[in-house]
Amino acid sequence: MNELSEPARASELARVGELARVKDEQLAGQASGAGARALLATIVEEKPGLAIATVTAAAGRRAPRSRRARRLFAGLVTTAALATAAVMGPVLLERGAGTATSYANAAIDIELRGDEYIARIKDPFADHSLYAKAFQAMGLDIGMELIPASPTRVGDVVRYGFAGTTEADKLSGGLEPDGCALGHEGCFLAVTVSKGFKGRGTFYLGRPAKPGEKYQAQAKAGKKGEMLEGYDADGRTVGKVAAEARRRGLRVVFRIIEPNPDGNGFGTIRDQSAKVGERWYVWAAEPVQVGTVRLLVTEKHLPKNPVTGE
Amino acid sequence: MDDDRRRRFEAVYAQTYEPILGYALRRCDSPEDAADAVAETFAIAWRRVDALPPHAEARLWLYGIARNVLANQRRGQARRWSRSVELDADIADLYAHSPEGSVELGAIAQAFKELHDDDRELLSLVAWEGLDHAQLAKVLDCSRNAVRIRLHRARKRFSKALAGAGISVNRLPVESR
């Protein structure tokens, strides 16, 4: 396992870990549950070597191939879409594609251009149902949630959801034109949906935050365009970083973290009541809301940054 | 003799049901597919009960079977099990409790989903099943050296995909639960 603890890459495995729908520990007790016992009983009913007969007999009940394939591609790991899919499922698959080539309401414009629908969001603060209505009018089952994002995440699709889709069904999104500044004329949040999109798609798109609204997607605070632009807080003392933040008129909040025992990644400690001192260390600075930055801190100095792994 | 086999199988079943269930749950996007995969995996194991390795290795052996079962499912060649209602109910419950991920998680999931099947499976076996190189070599039936090289490449490709999706690696706080 030595190769796995190599710091520079340790984190993408941690990312994979976060995608797990359940951990084995959460399944404790399942083996003695009714389902497990019923299955065991069915299996050992047969003499070893004969179990295959039972299985084949049941094979006729298999769903048609294309349907199965579609379901399997529907985002092997996009857990978030599951709940929705269960409710919306087959009904929407039957509904078929609309024939309209454009639609507009107060919140959004949608137009079919070549092989894709292009949707421009005219009002990023509109009721989400207005977006859905517009997509529906085009025969598309697309949900769109605009979530408050720190300035440089505005226009980012921070998350997609797919259900009942195939690989041919594509979603993308961003700012149109690329890299423009929202609020300037001719700059829109925009998403594209492939023509003939089947199943359900969901966008979570970063929009500007309203005053007092917490960001749900953020970049590093030191990034160009963010509140601590050009300032690298990582590894500095709380005293220094807080002084810089105050100089910029920012409010500072803290989160006390501790590195994982293997040195890769970190967790938030449960008890956050300790008074953070000027001599504590900052390992990351994150935008919380307009005018507020959160510092991820530890009391002791650490040999490497648990947040960045550097 | 048959009683002997049965006892051995039941012991292994009791020990491995949860990890195999976990393996299927983490890879199947519907409870039906997960239930099918678990049922099929253990049915095959029962069929091959004479080849069942001793305790510690049974789990790895079953991962290998489950992997093939899921590959067949993906190719649309899965057998549909006439499962018990109890099993369906238990597994459906587990899906119902799936937590909503953080906002950024979906983008990571997307990048992960777009990886080649082999890369994804390799990374999953490490991150989800917690296997080391020797264990991976057993499940994938290849040399440890091959595992090391393939894992290195898979991690590199995933890092690149994450970077391409604008996700800065190691930025997401791992909250303690």
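Computed from a prediction, not measured in an experiment: that's the story for all the values here.

A. Focus on helix α8 (residues 144–164) of chain B. All names here are of chain B. Here α8 spans 30 Å end to end across 21 residues, near enough to the 30 Å set by a 1.5 Å rise per residue. Within α8 the residues assigned to the buried category are Val-147, Leu-151, Ala-154, Arg-155 and Phe-158. When α8 is viewed along its axis, its buried side chains cluster within an angular range of 105 degrees and face the same direction. Exposed and facing more than 90 degrees away from the buried side of α8 are Asn-145, Ile-149, Lys-160 and Gly-164. In the segment just after α8, Gly-166 is the residue with positive phi, at about 75 degrees.

B. Region of the structure containing the sheet that holds strand β7 (residues 188–194) of chain A. Residues and elements named next belong to chain A. Strand order across the open sheet formed by five strands is β1-β2-β3-β7-β6, with antiparallel pairing between neighbours. With partners counted over all chains shown, the strands left at the sheet margins are β1 (102–104) and β6 (171–176), one partner each. Each strand of the sheet is rotated relative to its neighbour by a mean of 20 degrees, with strand direction disregarded. Here strand β3 (residues 116–121) runs beside β7; their pairing, made up of six bridges, is antiparallel. Following the sheet pairing, Arg-120 is matched in β7 by Ala-190. Helix α6 (residues 128–137) contacts β1 and β2 (108–113) of the sheet and is inclined by roughly 25 degrees relative to β2.

C. Quick look at the packing of helix α7 (residues 133–140) of chain B against α8 of chain B. Residue and element names in this part refer to chain B. Their axes nearest at 8 Å, the elements α7 and α8 cross at an angle of 100 degrees. On the basis of the axis angle, α7 is roughly perpendicular to α8. Along the contact surface, α7 presents His-133, Ala-134, Leu-136, Ala-137 and Leu-140, while α8 presents Arg-144, Val-147 and Arg-148. Looking at side-chain class alone, the contact of α7 with α8 contains five nonpolar, one polar and two charged residues.

D. A look at the environment of Ala-134 of chain B. Considering the arrangement of structural elements, one finds Ala-134 of chain B in helix α7. C-alpha of Ala-134 of chain B to C-alpha of Arg-144 of chain B: the two residues are ten residues apart in sequence and 5.9 Å apart in space.

E. Layout of the packing of helix α3 (residues 55–74) of chain B against α7 of chain B. Residues and elements named next belong to chain B. One can describe the packing of α3 onto α7 by two numbers: an axis separation of 8 Å at closest approach and a directional angle of 50 degrees. Here α3 lies oblique to α7, going by the angle between them. Between α3 and α7 the crossing geometry is right-handed. Across the interface between the two elements, Glu-57, Leu-60, Tyr-63, Gly-64 and Arg-67 from α3 touch Gln-135, Lys-138 and Val-139 from α7. Residues belonging to the contact of α3 with α7 are distributed by class as follows: three nonpolar, two polar and three charged.

F. Quick peek at the environment of Glu-32 of chain B. Following the sequence through the fold, Glu-32 of chain B ends up in helix α2 (residues 31–47). Taking the C-alpha atoms as reference, Glu-32 of chain B lies 7.1 Å from Asp-88 of chain B; in sequence the two are 56 residues apart.

G. Just unusual backbone geometry, in detail. Of the consecutive residues Glu-176 of chain A and Pro-177 of chain A, the connecting peptide bond is found in the cis state with omega at -5 degrees. With respect to the secondary-structure elements, Pro-177 of chain A resides in the loop between β6 and β7. For Asp-141 of chain B, which is not glycine, the phi torsion reads 55 degrees and is therefore positive. Mapping Asp-141 of chain B onto the fold places it in the loop between α7 and α8. A count of 8 C-beta atoms within 10 Å places Asp-141 of chain B in the exposed class.

H. Main features of the pairing of β2 of chain A. Residue and element names in this part refer to chain A. Two strands pair when backbone bridges link them, and β1 and β2 are joined in this way by three bridges, in the antiparallel orientation. Note that in β2 the partner of Tyr-103 across the bridge is Ile-110. Counted between consecutive antiparallel strands, the loop separating β1 from β2 contains three residues. With six bridges connecting them, β2 and β3 associate as antiparallel partners. Bridging across to β3, Ile-110 finds its partner in Ala-119. Between β2 and β3, which pair antiparallel in sequence order, lie two residues; one of them, Gly-114, sits at a positive phi of approximately 60 degrees.

Definitions and limits used
- Residues numbered from 1 in each chain as written.
- Chains lettered and ligands numbered in written order.
- Predicted model: local features only at pLDDT ≥ 70, side-chain atom pairs only at ≥ 80, totals over all residues.
- Helix = DSSP H or I, 4+ residues; strand = E, 2+ residues; numbered from the N terminus.
- Expected span 1.5 Å × (residues − 1).
- Buried ≥ 20, exposed ≤ 12 C-beta atoms within 10 Å, placed from the backbone.
- Arc of directions from axis to C-beta.
- Pairing = 2+ DSSP bridges.
- Axes fitted to C-alpha atoms, helices over the stretch in contact; angles between N-to-C directions.
- Contact = placed C-beta atoms within 7 Å.
- Parallel < 35°, antiparallel > 145°, perpendicular 65-115°, else oblique.
- Nonpolar A, V, L, I, M, F, W, Y, C, P; charged D, E, K, R; others polar.
- Left-handed = near helix turned anticlockwise from the far one by under 90°.

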